[in-house]
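# Summary of the model geometry
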Amino acid sequence: MSRVLIVCFDRADSLAAIGFGQASGKPFDILQLTQSAAEGTGAEKIYSLGLPTFPPADYLANALSDFAKEYTWIAGVSNMRSKDVLARLAGKLDCAMVTDVLSIESEDTFTRPIVAGAIIATVQVHATPVVLTFRTSGFKAQPTDKASEVIEHKFDWQGVTKRLSENSRGGGRPDLAQAKVVVSGGRPLKDTETFEKVIGGLADKLGGAVGATRAAVDSGIAANELQVGQTGKIVAPDLYIAAGISGSTQHMAGIKDSKVIVAINTDPDAPIFDVADYGLVQDLFEAVPELTDKL
Amino acid sequence: MKILVTVKRVVDPYAKVKPLADGSGIDTTGVKFDINPFDEIAVEEAVRQKEKNADIEIVAVSIGPAECEEQLRKALAMGADKAIHVETNDPLDSSVVAAELAEIVKQEEPRVIFMGKQATDNDHNQAGQILAAKLDWPQATFASNIEFDGDRVNVTRETDTGEETLSMPLPAIITTDLRLNEPRYIALPGIIKARSKPLEKQERKTDVQPKTTVLKLELPPERPAGRKVESVDELISALKDRGVIE
């Protein structure tokens, strides 16, 4: 019997997993590593580990390889932790892996973006199990009242990596990859304080998350985990506001699935205006505070 | 200590590429090729480690067609000591690459492997982790700082919510992210000078077949063109009409 396991690192992952589980058309279970799974996932079983934090990849891939091998698909939300752990799991199980799945075409065929989203590839896999990471934007959840059986689960942990320190910055804002509103800033924001005041101010007014370009991160204006783009976070909010962002291919790769894109930039020829639903040619230091005030 | 560093030949990451008309591949007409930018960061890191510790030997490896030699020459010019080219025109996916690299590891016995976290053509982010699993070595992906400490290596890595520092016993695999370093610029004379450094040609050592096949490539759906607004007020009313703000 064909069956799906979705590995969820935290509660936000379990929320994002619902749509993919439904789209799979197969019965699915959730393995919940930390926190508790969201309500109404529609999963048949939720294996809950209740860990305070998830261990390094070698421990997780070792534990998962026995647990997961009977499943047809082993999936996770496309993010850094799932790519770290699930690709190692694919190596351990010697099975096929497809990263960043956009859609399920059939039992063994999926689509995914390549070259910074410039091209969509249709990929066929030749073996089961298949390890997948999926982009959440393609898998909208339908409400379900199907109850899940919650099972407390324990692993025997084996690994050699030691975690020396962990620095998790949340700041009380919603998770960037899953926020309904994202406000992003680029290099013109000058420094950390200005970035936080202007971009953070508008984001907080809208109850949204904060994002940044690679240039803003590289110049130390914004924290690394805020980077949006090909090699950073992929976002798909209802509203994406880009302030002082010219719109490199790499940045665009991370925002294309947003429902509405707003661009605020002084340069009327900036490429971001080609993809923006609404473009405002104005100095962001005037427009963004005005927008924050008037909302 | 020997560092193995991987070098993939990719289409120029800053070029605008499109699929061939029949969807069978990427149209590379007039497009340049380069080292995968993340692999370039991996090579740079190996060279910087060698600048701190003269006992380090750097071996660069590339798997692919004859032209990969160009990228290996660049790695040698950056400071790698030796290059290995596994020359093949076979279709490759991450699992084939990992299987071939595992053979190179047996032969070269490196203490550590640096790889780009992903290649900018396929954007997979798999090969390093798959190889780590095959070798049963610990891994640190998305590395932003690397410090060797006797028989261990401490790696600061970027995470979804910030960063963490891992300590791993050697041998280990590290995949490199943007913030690790900025690769040095190599002028053409440097690449020519590196011609005296050894570049070994090898054949594939496994018959591992790809576990995935790309059936077709196509352009993504285009976003419909938007419009310019003249003021913040006009923007607010447009967003209200679309129902994305209240």
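In what follows, the structure referred to is the one given above.
Okay, so let's go over this structure. (Residues numbered from 1 in each chain as written. Chains lettered and ligands numbered in written order. Predicted model: local features only at pLDDT ≥ 70, side-chain atom pairs only at ≥ 80, totals over all residues. Heavy atoms only, no water.)

Looking now at the pairing of strand 2 (residues 28-34) of chain A. Residue and element names in this part refer to chain A. The buried fraction of strand 2 is high, at 7 of 7 residues. Here 5 bridges tie strand 1 (residues 4-8) to strand 2, and the two strands are oriented parallel to one another. What sits directly across from Ile-6, in strand 2, is Ile-30. Since strand 1 and strand 2 lie parallel, the crossover through helix 1 (residues 11-24) that links them has a hand, and here it is right-handed. Across 4 bridges, strand 2 lies against strand 3 (residues 45-51) in parallel orientation. Residue Leu-31 lies in a different strand from strand 3, and its bridge partner there is Tyr-47. (Buried < 20%, exposed > 50% of the residue type's maximum accessible area, 1.4 Å probe, protein only. Helix = DSSP H or I, 4+ residues; strand = E, 2+ residues; numbered from the N terminus. Pairing = 2+ DSSP bridges. Right-handed = clockwise from strand over helix to strand, strands pointing away.)

Moving on, we come to the packing of helix 2 (residues 57-68) of chain A against helix 3 (residues 80-93) of chain A. Residue and element names in this part refer to chain A. Contact geometry of helix 2 with helix 3 gives a least axis separation of 9 Å together with a crossing angle of 50°. Between helix 2 and helix 3, the interaxial angle falls into the category oblique. By crossing handedness, the relation of helix 2 to helix 3 is classed as right-handed. On the side of helix 2, the interface is formed by Ala-57, Asp-58, Leu-60, Ala-61, Asn-62, Leu-64 and Ser-65, while helix 3 contributes Asp-84, Val-85, Leu-86, Arg-88, Leu-89, Lys-92 and Leu-93. Per-class residue counts for the contact of helix 2 with helix 3 are 8 nonpolar, 2 polar and 4 charged. (Axes fitted to C-alpha atoms, helices over the stretch in contact; angles between N-to-C directions. Parallel < 35°, antiparallel > 145°, perpendicular 65-115°, else oblique. Left-handed = near helix turned anticlockwise from the far one by under 90°. Contact = heavy atoms within 4.5 Å. Nonpolar A, V, L, I, M, F, W, Y, C, P; charged D, E, K, R; others polar.)

In this section: the interface of chain B and chain A. Reports of interface size often rely on the accessible area that becomes lost once the parts have come together. Across the boundary between the two partners, chain B contributes 73 residues, which contact 80 residues of chain A. In total, chain B and chain A occlude about 6700 Å² of area from one another, counting both sides; carbon and sulfur atoms represent 54% of this. Looking only at chain B, the three residues that lose the most surface to chain A are Asp160(B), Lys211(B) and Arg223(B), adding up to 13% of its buried area. Between Asp218(A) and Arg179(B) there is a salt bridge, with the nearest N and O atoms lying 3.1 Å from each other. (Buried area = accessible area lost by both parts, 1.4 Å probe. Salt bridge = Lys/Arg side-chain N within 4 Å of Asp/Glu carboxyl O.)

The next point concerns the pattern of salt bridges. Residue and element names in this part refer to chain A. As enumerated under the stated definition, the model contains 45 salt bridges over all chains in all. Here Asp-29 and Arg-3 are joined by a salt bridge, their closest N and O atoms 2.9 Å apart. Placement of Asp-29 in strand 2 and of Arg-3 in the segment before strand 1 is noted, with a sequence separation of 26 residues between them. Grouping residues by exposure puts Asp-29 and Arg-3 together as buried.

With that out of the way, let us pick up the packing of aromatic side chains. All names here are of chain A. Taken as a whole and assessed by the stated rule, the structure comprises 10 aromatic pairs over all chains. With 6.3 Å between their ring centres and 45° between their planes, Phe-20 and Trp-73 make a pair best called tilted. Of this pair, Phe-20 sits in helix 1 while Trp-73 is found in strand 4 (residues 73-77), placing the two residues 53 residues apart along the sequence. In this structure, Phe-20 and Trp-73 share a single accessibility class: buried. Consider the rings of Phe-20 and Phe-139, whose centres lie 5.1 Å apart with planes at 80°: the pair is edge-to-face. (Phe/Tyr/Trp six-rings, centres within 6.5 Å; stacked < 30°, edge-to-face > 60°.)

The next point concerns unusual backbone geometry. Pro129(A) follows Thr128(A) through a cis peptide bond whose omega is 0°. The topology assignment puts Pro129(A) in the loop between strand 8 (119-125) and strand 9 (130-134). Cis geometry marks the peptide bond from Leu170(B) to Pro171(B); its omega dihedral reads 0°. Mapped onto the fold, Pro171(B) is located in the loop between strand 11 (162-169) and strand 12 (172-176). In the Ramachandran plot, Gln35(A) falls in the positive-phi region, its phi being about 55° despite a non-glycine side chain. Gln35(A) sits in the partly exposed class, given a relative accessible area of 49%. Positioned with a positive phi, Glu109(B) is a non-glycine residue whose angle comes to about 45°. Within the secondary structure, Glu109(B) is located in the loop between helix 3 (94-108) and strand 8 (112-116).

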